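Breakdown of the fold
Chain by chain, the residues:
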Amino acid sequence: MGPGTTVRWRRRANRWRRSVLAALICGAVVLPLSGAARPEIPAPAPAALAAPTAGTLDEAYAANRANAAEASRMASAHGDRHRAAADRSMADPSRRLLAFDGRGAGLATEVFGDLAHADRVAVLVPGSDTNLDTYGRFRAAALALHRQLAAEAPESTSTAVVAWLGYETPGTVSTTVATTGRADRAAPKLRSLVDTLHGVAGPGTRVALFCHSYGSVVCARAADGLDVTDIALVGSPGTGDDSAAGLHTAARIWAARGADDWVEHVPHLSADLFGITVGFGTDPLSPDFGARVFAAGDGGHSDYFDTGSVSLTNLARIALGETTEVTHD
């Protein structure tokens with residue numbers, strides 16, 4: 001198979017995948033609105049901790065690592081070697097876990113950098129199919145952003161990145177991915193996290209939210225009056241609001257989509273079906289929405305945090321407050 005044939009095959013495969021995904025999400029309008037069941041994996045209850053402060057941060061990290069280690073032992077005894085390995089990785093002494101819950105699909109909040117002294121904090125909010133079993137790819141995105149910030153930040157500016165897997169994400173191929181239900185339940189938790197970050201790093205710390213895919217719906221639901229400087233929506237299917245003004249926030253609202261992101265083909269509709277909101281309305285890249293649209297390059301749906309990418313460079317500039325340096329298509 002020559003290079004030309006390979007490229008054509010990939011394009012056909014991408015078109016097929018886009019069509020299937022668009023059809024599935026459209027189908028959620030008429031399919032029964034029920035979520036897929038998650039396998040139950042035994043794990044201890046999360047560590048009982050008071051809200052962390054700069055002085056207790058290391059104790060919180062240690063307690064959550066210990067909880068992850070116990071979760072690993074329980075998963076191993078249950079015969080789930082994959083989850084046991086994932087939990088064991090979380091328990092490594094190098095990990096800074098602000099929160100951990102190994103039950104069910106699993107939740108975790110991980111810090112990269114010195115949160116207690118950070119001037120700028122970027123919070124990553126994931127989209128569908130993110131859980132402890134797939135956490136590695138989400139963590140890789142956070143690490144890439146952390147490295148980019150460290151490389152670009154002025155010498156006097158300290159930065160940190162928080163990977164927030166703080167809610168049960170929907171499955172990509174599920175009816176829940178086309179409704180706001182998971183986002184509505186996640187929003188108070190995200191608001192609590194932002195309060196925690198200001199409590200640890202101090203009220204003068206500037207926090208930005210980077211919201212991927214379905215995570216943009218979560219951020220939109222949490223945005224009202226939230227103490228953040230910027231909210232960036234990448235690969236977003238919509239927010240559930242008709243405009244950036246509808247988010248009721250003083251934060252700058254940004255939006256970007258890679259040229260090869262299949263989300264472009266998701267219908268931008270919203271309807272009330274039996275009391276449940278289905279679909280997410282206006283395209284965040286539409287002029288009608290009113291976001292600050294920035295360049296994301298040629299990448300696909302999972303490429304926004306790739307090292308060296310246009311999107312990662314722009315996201316780092318947003319996190320650092322270098323808004324005039326952000327490039328546009």
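Notes on the structure in this doc start here. (Residues numbered from 1 in each chain as written. Predicted model: local features only at pLDDT ≥ 70, side-chain atom pairs only at ≥ 80, totals over all residues. Heavy atoms only, no water.)

**Some thoughts on the side chain of Ser-128**
The line we're drawing: Every helix listed is a DSSP run of H or I at least four residues long, and every strand listed is a run of E at least two residues long, numbered separately from the N terminus. The rule is simple: take the accessible area with a 1.4 Å probe, protein chains only, and divide by the maximum for that residue type; under 20% is buried, over 50% is exposed, in between is partly exposed. Any two residues having at least one pair of non-hydrogen atoms within 4.5 Å are treated as being in contact.
Residue position: Ser-128 is located in the loop between β3 (120-125) and α4 (135-152). Its relative accessible area of 15% is what places Ser-128 among the buried residues. In contact with Ser-128, not counting residues within four places along its chain, are Arg-137, Thr-169, Pro-170, Gly-171, Thr-172, Val-177 and Tyr-214.

**Considering the sheet that holds strand β4 (residues 159-165)**
Heads up, the rule is: Paired strands are those between which DSSP finds at least two bridges. Inter-axis angles, ranging from 0 to 180 degrees, are taken between N-to-C directions of lines fitted to C-alpha atoms, where helices are fitted over the stretch in contact.
Spatially, the eight strands line up as an open sheet ordered β1-β2-β4-β3-β5-β6-β7-β10, and their pairing is mixed. Among the strands making up the open sheet, the edge pair consists of β1 (97-101) and β10 (292-293). On the sheet, helix α7 (residues 310-319) packs against β3, β5 (206-212), β6 (230-234) and β7 (252-256) and is oriented at approximately 150° with respect to β5.

**Concerning helix α5 (residues 181-201)**
For the record, the criterion: Expected helix span is computed as 1.5 Å times (number of residues minus one). At any given residue, the bend is defined as the angle formed between two axes, one fitted to the seven residues that end at that position and one fitted to the seven that begin there.
Between its first and last C-alpha atoms α5 spans 31 Å; for 21 residues at 1.5 Å apiece the expected length is 30 Å, and the two agree. The sharpest bend along α5 reaches about 30° and sits at Ala-187, with the proline Pro-188 one to four residues further on. Taken together, the buried positions of α5 are occupied by Arg-182, Ala-183, Ala-186, Ala-187, Leu-190, Leu-193, Val-194, Thr-196, Leu-197, His-198, Val-200 and Ala-201.

**Things to note about the nonpolar core**
Definition in use: Buried residues of nine kinds, namely Ala, Val, Leu, Ile, Met, Phe, Trp, Tyr and Cys, make up a nonpolar core once their side-chain atoms join them within 4.5 Å.
If you look at the biggest cluster of nonpolar residues, it comprises 45 residues, and the most contacted ones within it are Leu-115, Val-123, Leu-209 and Ile-231. Going through the elements one at a time, α2 (57-78), β3, β4, α5, β5, α6 (215-222), β6 and β7 are the ones with two or more residues in this core. A total of eight residues in this core trace back to one element, the largest contributor, which is α5. Among the nonpolar cores identified, the runner-up in size contains 40 residues, and Phe-138, Ala-153, Val-161 and Ala-319 belong to it.

**Some points on the packing of α4 against α7**
Pairs of packed helices are described in terms of their axes, by the angle between the two and the distance that separates them. The condition is simple: Working rule for handedness: look at the near helix, and if it is turned counterclockwise from the far one by less than a right angle, call the crossing left-handed; if clockwise, right-handed. Ten residues, namely Ala, Val, Leu, Ile, Met, Phe, Trp, Tyr, Cys and Pro, are considered nonpolar, four, namely Asp, Glu, Lys and Arg, are considered charged, and the remaining ones, Gly among them, are considered polar.
Between α4 and α7, the shortest axis-to-axis distance is 9 Å and the interhelical angle comes to 60°. The handedness of the crossing between α4 and α7 comes out as right-handed. On α7, the residues touching Ala-144, Leu-145, Gln-148, Leu-149 and Glu-152 of α4 are Leu-312, Thr-313, Ala-316, Arg-317 and Ala-319. Of the residues contributing to the contact of α4 with α7, the split by class is six nonpolar, two polar and two charged.

**Structural notes on the packing of α2 against helix α3 (residues 81-90)**
Worth spelling out the cut-off: Any angle that is under 35 degrees is reported as roughly parallel, and any over 145 degrees as roughly antiparallel; angles of 65 to 115 degrees are reported as roughly perpendicular and all others as oblique.
Contact geometry for α2 and α3: axes closest at 8 Å, N-to-C directions at 165°. Between α2 and α3, the angle falls in the class roughly antiparallel. Seen along the crossing, α2 lies across α3 with a hand that is left-handed. Residues Arg-65, Ala-68, Ala-71, Ser-72, Ala-75 and Ser-76 of α2 form the contact with α3, whose participating residues are Arg-83, Ala-84, Asp-87, Arg-88 and Met-90. A class-by-class count of the residues in the contact of α2 with α3 yields five nonpolar, two polar and four charged.

**Things to note about the environment of Gly-297**
Its location among the elements puts Gly-297 in the loop between β10 and α7. The class for Gly-297 is partly exposed, based on a relative accessible area of 27%. For the pair Gly-297 and Asp-260, spaced 37 residues apart in sequence, the C-alpha to C-alpha distance is 8.8 Å. Apart from residues no more than four positions distant in its own chain, Gly-297 is found in contact with Gly-258, Ala-259 and Val-310.

**Concerning the pairing of β3**
The side chains of a regular strand alternate, residue by residue, between the two faces of the sheet. For the record, the criterion: Classification remark: right-handed applies to a crossover when, strands pointing away from the viewer, the course from the first strand over the helix to the second runs clockwise.
Across the six residues that make up β3, a large majority, six, are buried. Residues Arg-120, Ala-122 and Leu-124 point to one face of β3 and Val-121, Val-123 and Val-125 to the other, with burial holding for every one of them. Both β3 and β4 contribute to a ladder of five bridges, which runs parallel. Bridge assignment links Val-123 to a residue of β4, and that residue is Val-162. For the handedness criterion, the β-α-β arrangement of β3, α4 and β4 is classed as right-handed. Relative to β5, β3 is paired through six bridges, and the arrangement is parallel. Pairing of Leu-124 across the sheet is with Phe-210, part of β5.

**Considerations on the state of the cysteines**
The line we're drawing: In this description, the term disulfide denotes a pair of cysteine sulfurs within 2.5 Å.
Applying the stated criterion across every chain yields a total of one disulfide. The partner cysteine of Cys-211 in its disulfide is Cys-219, sulfur to sulfur 2.1 Å. One quick way to see it: the torsion about the S-S bond of Cys-211 and Cys-219 is about -95°, and its sign makes the bridge left-handed. For the pair Cys-211 and Cys-219, a shared accessibility class is recorded, and that class is buried.

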